[in-house]
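# Notes for the structure review
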Amino acid sequence: MKTNITYDAGGGAITFDYGYTITIANKGVDRYYSKIQEAFAAIDISSNKFEGKIDELLGNLKGLCSLNVSNNLFTGDIPSSLGNLTQLEALDLSQN
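Our subject in this report is the structure included herewith. (Residues numbered from 1 in each chain as written. Predicted model: local features only at pLDDT ≥ 70, side-chain atom pairs only at ≥ 80, totals over all residues. Heavy atoms only, no water.)

## Points about the environment of Ile22
Where we set the bar: Numbering of helices and strands runs from the N terminus, with a helix taken as a DSSP run of H or I at least four residues long and a strand as a DSSP run of E at least two residues long.
Within the secondary structure, Ile22 sits in strand E3 (residues 22–26). Through-space distance from the C-alpha of Ile22 to that of Tyr33 is 5.4 Å; in sequence the pair is 11 residues apart.

## A few points about the environment of Lys53
What counts, and what does not: Each residue is placed in one exposure class: buried if its accessible area under a 1.4 Å probe, protein chains only, is under 20% of its type's maximum, exposed if it is over 50%, and partly exposed if it falls in between. By definition in these notes, contact holds between two residues if any of their heavy atoms fall within 4.5 Å.
Within the secondary structure, Lys53 sits in the loop between strand E6 (51–52) and strand E7 (66–68). Take Lys53: its relative accessible area is 67%, and that puts it in the exposed class. Distance from Lys53 to Gly76, taken between C-alpha atoms, is 5.8 Å for residues 23 residues apart in sequence. Setting aside residues no more than four positions away along its own chain, Lys53 makes contact with Phe74 and Thr75.

## Regarding the sheet that holds E7
The test is simple: Pairing between two strands requires that DSSP report at least two bridges joining them. Convention adopted: a line fitted to C-alpha atoms gives each axis, helices being fitted over their contacting stretch, and angles between N-to-C directions are expressed from 0 to 180 degrees.
Spatial strand order, E5-E7-E9: three strands in an open sheet with parallel pairing. Two strands in the sheet have a free side with no partner beyond their single neighbour: strand E5 (42–44) and strand E9 (90–92). Averaged over all pairs of adjacent strands, the angle between their axes in this sheet comes to 10 degrees, without regard to strand direction. By the bridge criterion, three bridges tie E7 to E9 in an arrangement that is parallel. What sits directly across from Asn68, in E9, is Asp92.

## A closer look at the pairing of E3
Inspection of the sheet shows E3 paired to strand E4 (residues 29–33) by five bridges, in the antiparallel sense. For Ala25, the partnering residue across the bridge sits in E4 and is Asp30. Between E3 and E4, which follow one another and run antiparallel, lie two residues, and Lys27 among them has a positive phi close to 55 degrees.

## A short note on the side chain of Ser66
Among the structural elements, Ser66 can be located in strand E7. Residue contacts for Ser66: discarding those within four places in its chain leaves Asn26, Ala41, Ala42, Ile43, Leu88 and Ala90.

## Some thoughts on unusual backbone geometry
Even without glycine at this site, Ser47 takes up a positive phi of about 55 degrees. The exposure class assigned to Ser47 is exposed, which follows from its relative accessible area of 51%. A positive phi is found at Asn71, a non-glycine position, where the angle reads about 55 degrees. Relative to the assigned elements, Asn71 resides in the loop between E7 and strand E8 (73–74).

## Here's the deal with the packing of aromatic side chains
Our working rule: Each pair of aromatic rings taken from Phe, Tyr and Trp, with Trp reduced to its six-membered ring, is defined by centres within 6.5 Å and is described as stacked if the planes are under 30 degrees apart, edge-to-face if over 60, and tilted in the remaining cases.
On inspection of all chains with the given rule, the structure shows one aromatic pair. Seen from their ring centres, Phe50 and Phe74 are 6.5 Å apart, and the 35 degrees between their planes marks the pair as tilted. Separated by 24 residues along the polypeptide, Phe50 in the loop between E5 and E6 and Phe74 in strand E8 bring together distant segments of the chain. Judged by its relative accessible area of 37%, Phe50 is partly exposed.

Below is the structure:
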């Protein structure tokens, strides 16, 4: 993913390319991404005191790479729909 910013310099144009990087910490491990893929998706709703069941609809987020719902008050079974997340690299359901 890149952003191009173009400035009108009177007789011509100057273009600057800005790339994006990101570091995501999950379970004490930092993962550095030098370029963010357009389809990259991470959800971290940890430590929010959310209650109830984890929604089956999370399994519809096909591009999800990282999901952290730890340290909440979720109860019930782990939704079987999470098995649909074929791109998932990290999943943290601990402390619920």
